[in-house]
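Report on the structure
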Amino acid sequence: MGRDWWPDEVAHAGAEHLDPEYVAAFDRKSPTDWSETVESLSQLGVGPTSTVVDIGAGTGTFALAVQPYVGRVIAVDASPAMVAWMRARGIEAVEGGFLTYEYEGERVDLVHSRNALHHLPDFWKVVALDRVAQMLEPGGALILEDIVYSFAPSEAAKAIEQWLEHAPTNSAQGWTAEELAEHLRSEQSTFSWLLEPILDRVGFDITDRRYSENRMYAAYTCRLR
Ligand SMILES: C[S@@+](CC[C@H](N)C(=O)[O-])C[C@H]1O[C@@H](n2cnc3c(N)ncnc32)[C@H](O)[C@@H]1O
């Protein structure tokens, strides 16, 4: 099948993610304690013989946290700068994206993705999640976290204004109101009540769903039927 009508994932990956200086400062801007996710792995049947794929892996902090507990972690990212950073940390990193990464081998036990799917518009989210489903064993797990809006349409203005009001002011330590406003204007985050039927449609049952208190983030654990 020709791919001339497919989007260029690198062009939509966020210019900042392609910038080595931004990459070097990323872990300070977005520090994460992955211990809760790592603890949840055994319940998902993910262990020492499992293969895990992290898509939109960024600087690879999830890959590093999970590596001691599984057989293999493949960290996929569309940004060459992120991939170079991960390789320098000893991670098995692959340049590619939701729409271009071609997994070869036995089907995997877990696909993880945090804060990356919003780079694709909804049509391509469907294609991306269908490709994720093709990578997984039946019964395999998907952990998907992202900026996902769980407020009602009529509450949008109030919820967004509160989000921006509470944003940090130092860009080195988090996403400022200006950065979040740019996200709203130009990125493709969607509503929980649009994303959840997509997950169902491509074959996933949502087994755990968490919305942040400000209704801007969602975390899903899903099982492939
Ligand atoms: C906000 S960062 C999140 C990094 C990491 N997952 C984390 O939670 O710390 C988003 C990452 O997604 C990558 N990305 C953007 N579009 C992508 C795509 N279509 N496929 C794979 N990765 C993508 C970017 O290069 C960037 O590294």
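It should be emphasised that the depicted structure is a prediction, and the values quoted were computed from it without experimental measurement.

A word on the overall build of the chain
Looking only at helices and strands, one finds 8 helices and 7 strands in the chain. Against the 2.2 N^0.38 benchmark of 17 Å for 225 residues, the chain shows a C-alpha radius of gyration of 17 Å, consistent with a compact globule. Structurally, the chain occupies a C-alpha span of about 45 × 40 × 40 Å along its principal axes. Put simply, the chain has 225 residues, and 48% of those count as buried. A sequence separation of at least 24 residues applies to 65% of the contacts in the chain between residues at least 6 apart. Of the roughly 11400 Å² of accessible surface on the chain, 51% is carried by carbon and sulfur atoms.

So, the site of the ligand
Not every one of the 18 residues close to the ligand is listed here, only the nearest: E9, G56, D77, G97 and R114. Between a nitrogen atom of the ligand and a side-chain N or O atom of E9, the distance comes to 2.8 Å. Coverage of the ligand by the protein chains reaches 97% of its 600 Å² of free accessible surface. Looking at the shell around the ligand residue by residue, the class counts come to 7 nonpolar, 8 polar and 3 charged.

Here we look at the sheet that holds strand β6 (residues 204-211)
Strand order in this open sheet of 7 strands is β3-β2-β1-β4-β5-β7-β6, and the pairing throughout is mixed. The open sheet terminates on both sides in strands that have one partner only, identified here as β3 (93-95) and β6. Looking at each pair of strands side by side, their axes are set apart by 15° on average, direction ignored. Inspection of the sheet shows strand β5 (residues 136-147) paired to strand β7 (residues 217-224) by 7 bridges, in the antiparallel sense. Looking at β7, one finds that L144 is bridged to Y220. Packing of helix α5 (residues 122-135) onto the sheet brings it into contact with β1 (51-55), β4 (108-114), β5, β6 and β7, and relative to β5 it is tilted by some 145°.

Quick word on the pairing of β5
Pairing of β4 with β5, which is carried by 6 bridges, proceeds in the parallel orientation. By the bridge assignment, V108 is partnered in β5 with L136. With respect to chirality, the unit in which β4 leads through α5 into the neighbouring parallel β5 is right-handed.

A short note on the pattern of salt bridges
One pass over the structure, following the stated rule, counts 12 salt bridges. For the salt bridge of R210 with E36, the shortest nitrogen-to-oxygen distance reads 3.0 Å. Linking R210 in strand β6 with E36 in helix α2 (residues 35-40), this pair joins segments that are 174 residues apart in sequence. Overall, R210 belongs to the partly exposed group, its relative accessible area being 45%. Between K125 and D122 there is a salt bridge, and its shortest N-O distance comes to 2.8 Å. Remark: D122 and K125 occur in helix α5; sequence separation between them is 3 residues, near one turn of the helix. When salt bridges that share partners are traced, they join E36, D208 and R210 into one network.

Regarding the packing of α5 against helix α8 (residues 192-201)
Contact geometry of α5 with α8 gives a least axis separation of 10 Å together with a crossing angle of 30°. In the crossing of α5 with α8, the sense of the turn from one axis to the other is right-handed. For the pair α5 and α8, contact is made by D122, K125, V126 and L129 and by L194, L195, I198 and L199, respectively. When grouped by side-chain class, the residues that make up the contact of α5 with α8 number 6 nonpolar, no polar and 2 charged.

Conventions and cut-offs
Residues numbered from 1 in each chain as written. Predicted model: local features only at pLDDT ≥ 70, side-chain atom pairs only at ≥ 80, totals over all residues. Heavy atoms only, no water. Helix = DSSP H or I, 4+ residues; strand = E, 2+ residues; numbered from the N terminus. Rg over C-alpha atoms; globule rule 2.2 N^0.38 Å. Buried < 20%, exposed > 50% of the residue type's maximum accessible area, 1.4 Å probe, protein only. Contact = heavy atoms within 4.5 Å. Areas by Shrake-Rupley, 256 points an atom, 1.4 Å probe, with all protein chains shown as cover. Near = heavy atom within 4 Å. Polar contact = N/O pair within 3.5 Å; in protein donor to acceptor, adjacent residues only side chain to side chain. Nonpolar A, V, L, I, M, F, W, Y, C, P; charged D, E, K, R; others polar. Pairing = 2+ DSSP bridges. Axes fitted to C-alpha atoms, helices over the stretch in contact; angles between N-to-C directions. Right-handed = clockwise from strand over helix to strand, strands pointing away. Salt bridge = Lys/Arg side-chain N within 4 Å of Asp/Glu carboxyl O. Left-handed = near helix turned anticlockwise from the far one by under 90°.

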